[in-house]
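# What the coordinates show
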Amino acid sequence: MTNGKEIEFNSALTKKEAIATLLYLPVHMFLLPLIMPFFMYKGIISETWANLLVYIIGVCYIVSFCWRFLRRDFDPFIENFMHCVLQVCLCYGLMILMNMVVNLLLFKLDPMENPNNAAVMGLASMEYGKTAAMAVFMAPVLEEILFRAGVFGVLRKYSRIGAYIVSILVFSAYHVWGYAIGNPSYWIYIVQYIPVSYLLCRAYEKCGSIWGSISLHMVINAISVNLMYSLQQMSGALM
């Protein structure tokens, strides 16, 4: 137990784990998203399966290299469980407040819909089960190891502030670049991912375990997917 004291941050990938993680980062961010539309165009797989395969491949790869890291970080998460739960709840509350401010600013500047949210909503409306499994279970494990343990954790050894900045920018750009290629105005939506990017780093740091940020990521995605799906169902019922 922490007894109110700050948890020392000892979470770290080994050199082999870090190399495997950082090598896979561009594959997940760029290569697979560029390859999958070809199979969709050929009618080989659906859009839902294309997205699902990206995460299945990623989870299989990253867990095969980093399962020892996940196991190492599980012990401090359990030892400081209540502290981690409080941090996750605090970060989620802060995210809601920060998102309210960001969304208000974005609405005044540009009332367009976030294309990533629209895509997730579309997938959920077609195949809710697969979309929920991808967003709530696979994405948090894969993305937290890539962006938090990988980018943030590796850079934090050299510069804590630099680690925050780079991790926030890379994670935010990851959610937007595919849409911004076709429409540069979508780059503005990077701003919408800054709060959650910062708070996922904070959860990782404050919990001293990657399971802290994984838990926060799962909570955020679970609530978001269900909320978007419910709103869409209500909208459809009213039409």
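Going by the structure above, here's the rest.
We now turn to the structure provided with this report. Just so it is clear, the structure is predicted and the values come from calculations on it, not from any experiment.

### Section: the environment of Ser197
Mapping Ser197 onto the fold places it in helix H8 (residues 190-207). As for Ser197 and Ala20, which are separated by 177 residues in sequence, their C-alpha atoms are 22 Å apart.

### Remarks on the side chain of Asn221
Here Asn221 shows up in helix H9 (residues 210-238). Not counting residues within four places of it along the chain, the set of residues in contact with Asn221 comprises Ala135, Val136, Ala139 and Pro140.

### Focus: helix H1 (residues 15-41)
The terminal C-alpha atoms of H1, which comprises 27 residues, lie 39 Å apart, in line with the 39 Å expected from a rise of 1.5 Å per residue. At His28, H1 shows its maximal kink, close to 40°. Listed in full, the buried residues belonging to H1 are Glu17, Ala18, Ala20, Thr21, Tyr24, Leu25, His28, Met29, Leu32 and Met36. Close packing links the buried residues of H1 with helix H2 (47-79), helix H5 (128-156), helix H6 (160-174) and helix H7 (177-180). Immediately beyond the C-terminal end of H1, within one or two residues, lies Gly43, with a positive phi of roughly 80°.

The rules behind the values
- Residues numbered from 1 in each chain as written.
- Predicted model: local features only at pLDDT ≥ 70, side-chain atom pairs only at ≥ 80, totals over all residues.
- Heavy atoms only, no water.
- Helix = DSSP H or I, 4+ residues; strand = E, 2+ residues; numbered from the N terminus.
- Contact = heavy atoms within 4.5 Å.
- Expected span 1.5 Å × (residues − 1).
- Bend = angle between axes of the 7 residues up to and from the residue.
- Buried < 20%, exposed > 50% of the residue type's maximum accessible area, 1.4 Å probe, protein only.

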